[in-house]
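Here are the chains, one letter per residue:
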Amino acid sequence: MKIAIVCYPTFGGSGVVATELGLELAKRGHEIHFITYSQPVRLALLNPNVHYHEVHVPEYPLFHYQPYELALSSKLVDMVKLYKIDVLHVHYAIPHAYAGYMAKQMLADEGIHIPMVTTLHGTDITLVGNHPFYKPAVSFSINKSDVVTSVSQSLKDDTHRLFEIKKDIVVIPNFIELTKEKQVENIPCHRSLMAAENEMIVTHISNFRKVKRIDDIVKIFFEIQKEVPAKLMMVGEGPEKENAEYLCSQLGIQNKVIFFGNSNEIDKILCFSDLFLLPSETESFGLAALEAMACGVPVISSNSGGLPEVNKDGFSGYLSNVGDVSKMSHDAISLLKDKEKLKQFKINALETAKLFDIQQIMPLYEQVYYQAIHSKND
Ligand code: GMT
């Protein structure tokens, strides 16, 4: 199939999922066209089956806001015609499903039917999309998609609770690549550069938005380091990062916390991590937690949204109510103090991650593409 993928090219989870999906589909012989405003960060190399088309938004003094959706839908029309695309797959409803629908209509006007699959990722439903200023357009474009997928059962339920969606939503969980070269024992791991031998390494990776409850991470680590020699690795960039650095210095733990920027090689940090923290306010899935588990790192997370579908309480890690810093700290300390238990949880984390192997998930996407192609939406 010839598949056009529209996504955010940045470090957010939806862009990562879209890129990894495209790369795997290309390996399976499909022709993939990424259409977005810059090259997706995980799209390191292009190959004969992978193409990237940049959306340009010309500036004009009259525009207070640059009309990205307009440029995107025009680009989609051109690319669908030029490459004879079979199916359009948009990731994150805002504004991609809307732009996709406009492209669909423009093409229909020329007698070309292009089916559209929309994948809902999380904040496009639970935070941003739910805003009254966006809601009518988001509901409309979801309902006009040929097939709608969501990355967890919890997100599907949230979508039906928050929007009037007349379509069925297919749950296709996020996935992880577990090929040999991605396995933790085959990753060059430089633990000794980061911590002394007796120190435990606790890690958090995100885009440092409010929803991640970054303060909770610092507070949990503050409790941990009182009981266990430890270092905290904070990976990513975002609006809450500066506050987190300030809180660390206020608590006098700045020499135990290492702030990295965005990284394309998170497995090189996860390979030496003992514990992963994800106390988010809401998380439709928690791809970062899955990536940690795939490297054999147990997860201390909140129980919000889709996290219980990924992190198994008392097996791959522990779940707590949002904001329960005290329980999260207690669980983390008890795990880090008990070497045997920690070893078992590391094994369990990897076992759980294997349930999300890309090889099992890919056919589900191929199936929805065929379903979309055979649908007759207007
Ligand atoms: O919240 C983020 O980190 C970014 C955001 C995105 O769409 O780029 O992530 C959402 O999609 C991810 C991939 O499906 C999920 O793993 C995240 O849980 C989800 N984030 C939230 O729901 C807050």
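All of these numbers come straight from a predicted model, not from anything done at the bench.

Engineer: Hey, could you run me through the sheet that holds strand β13 (residues 317-320) in this one?
Structural biologist: Neighbouring strands of a sheet are bound in pairs by backbone hydrogen bonds; such pairs are parallel or else antiparallel. The strand order across the open sheet built from six strands is β10-β9-β8-β11-β12-β13, with neighbouring strands paired in parallel fashion. Either end of the sheet is taken by a strand with one partner, and the two such strands are β10 (257-260) and β13. Taken pair by pair, the neighbouring strands of this sheet meet at an average axis angle of 20°, ignoring direction. In terms of strand pairing, strand β8 (residues 200-205) meets strand β9 (residues 230-235) through six bridges, oriented parallel. The partner of His-204 across the bridge, within β9, is Met-234. Where helix α10 (residues 287-294) meets the sheet, its contacts fall on β8, β11 (275-278) and β12 (299-302), and the angle it forms with β11 comes to roughly 175°. The strands touched by helix α12 (residues 325-337) are β8, β11, β12 and β13; relative to β13, the strand with the most contacts, the crossing angle is about 170°.

Engineer: Even after reading the chapter, I still don't get unusual backbone geometry, so can you show me in this structure?
Structural biologist: Leaving glycine aside, a negative phi is the common case for residues, and trans is the common case for peptide bonds. In the segment running from Ile-94 into Pro-95, the intervening peptide bond is cis, with an omega of -15°. Note that Pro-95 resides in helix α3 (residues 93-109). With phi around 55°, Lys-84 is a residue other than glycine that occupies positive phi space. The residue Lys-84 is located in the loop between α2 (68-83) and β4 (87-91) in this model. Residue classification places Lys-84 among the exposed residues on the basis of a relative accessible area of 59%.

Engineer: Would you explain the sheet that holds strand β7 (residues 169-171) in this entry?
Structural biologist: Spatially, seven strands are ordered β3-β2-β1-β4-β5-β6-β7 in an open sheet, and the strand pairing comes out parallel. Each of the sheet's edge strands pairs with one partner strand only, and the pair in question is β3 (50-54) and β7. Taken over all neighbouring pairs, the strand axes of this sheet differ in orientation by 25° on average, direction set aside. Bridge analysis of strand β6 (residues 147-150) against β7 gives three bridges, and the strand direction is parallel. Bridge pairing in β7 places Ser-150 opposite Val-171. Contacts from α3 reach β1 (2-6), β4 and β5 (116-120), with the element oriented near 170° to β5.

Engineer: Even after reading the chapter, I still don't get the nonpolar core, so can you show me in this structure?
Structural biologist: Nonpolar side chains in soluble globular proteins tend to be buried together. Ranked by internal contacts, the top residues of the largest apolar core, which has 94 residues, are Phe-276 and Tyr-369. Counting contributing residues, this core receives three or more from each of domain 1 (2-175 + 358-374) and domain 2 (184-354). Membership of the second largest hydrophobic core comes to 30 residues, among which are Phe-221, Ile-224, Ile-300 and Leu-335.

Engineer: What should I look at first to understand the pattern of salt bridges in this one?
Structural biologist: Opposite charge on two side chains allows them to pair when their charged atoms are near. As enumerated under the stated definition, the model contains 21 salt bridges in all. The salt bridge involving Lys-27 is made with Glu-177; its shortest N-O contact spans 3.4 Å. Separated by 150 residues along the polypeptide, Lys-27 in helix α1 (residues 13-27) and Glu-177 in the loop between β7 and β8 bring together distant segments of the chain. By relative accessible area, Lys-27 is classed as exposed at 57%. Within the structure, one salt-bridge network assembled from shared partners comprises Glu-24, Lys-27, Arg-28, Glu-177 and Glu-366.

Engineer: For this particular structure, what's the right way to read the packing of aromatic side chains?
Structural biologist: Ring pairs (aromatic) are described by centroid distance and by the angle formed between their planes. One pass over the full model with this rule turns up seven aromatic pairs. Measuring from ring centre to ring centre gives 5.0 Å for Tyr-101 and Phe-140, while their planes differ by 90°; the resulting arrangement is edge-to-face. Of this pair, Tyr-101 sits in helix α3 while Phe-140 sits in helix α5 (residues 135-143), and the two are 39 residues apart along the sequence. On the accessibility criterion, Tyr-101 (8% relative accessible area) is buried. Its end group placed over the ring of Phe-163, Lys-135 keeps NZ or CZ at 5.5 Å from the ring centre.

Engineer: Help me understand α1, please; the structure alone is not making it clear to me.
Structural biologist: Think of an α-helix as 3.6 residues a turn; residues three or four steps apart then line up on the same face. For α1, with 15 residues, the first-to-last C-alpha span of 21 Å sits near the 21 Å given by 1.5 Å per residue. For α1, a buried count of twelve out of 15 residues is recorded, marking the element as mostly surrounded by other parts of the structure. Within α1, burial applies to Ser-14, Gly-15, Val-16, Val-17, Ala-18, Thr-19, Glu-20, Leu-21, Gly-22, Glu-24, Leu-25 and Ala-26. Buried residues along α1 sit against β1, β2 (31-36), β3, β4, α10 and α14 (358-373). Directly after α1, the chain includes Gly-29, whose backbone phi takes a positive value near 100°.

Basis of the calculations
Residues numbered from 1 in each chain as written. Predicted model: local features only at pLDDT ≥ 70, side-chain atom pairs only at ≥ 80, totals over all residues. Heavy atoms only, no water. Pairing = 2+ DSSP bridges. Helix = DSSP H or I, 4+ residues; strand = E, 2+ residues; numbered from the N terminus. Axes fitted to C-alpha atoms, helices over the stretch in contact; angles between N-to-C directions. Contact = heavy atoms within 4.5 Å. Buried < 20%, exposed > 50% of the residue type's maximum accessible area, 1.4 Å probe, protein only. Core = buried A, V, L, I, M, F, W, Y, C linked by side-chain atoms within 4.5 Å. Domains from an automatic or database assignment. Salt bridge = Lys/Arg side-chain N within 4 Å of Asp/Glu carboxyl O. Phe/Tyr/Trp six-rings, centres within 6.5 Å; stacked < 30°, edge-to-face > 60°. Lys NZ or Arg CZ within 6 Å of the ring centre and 35° of its normal. Expected span 1.5 Å × (residues − 1).

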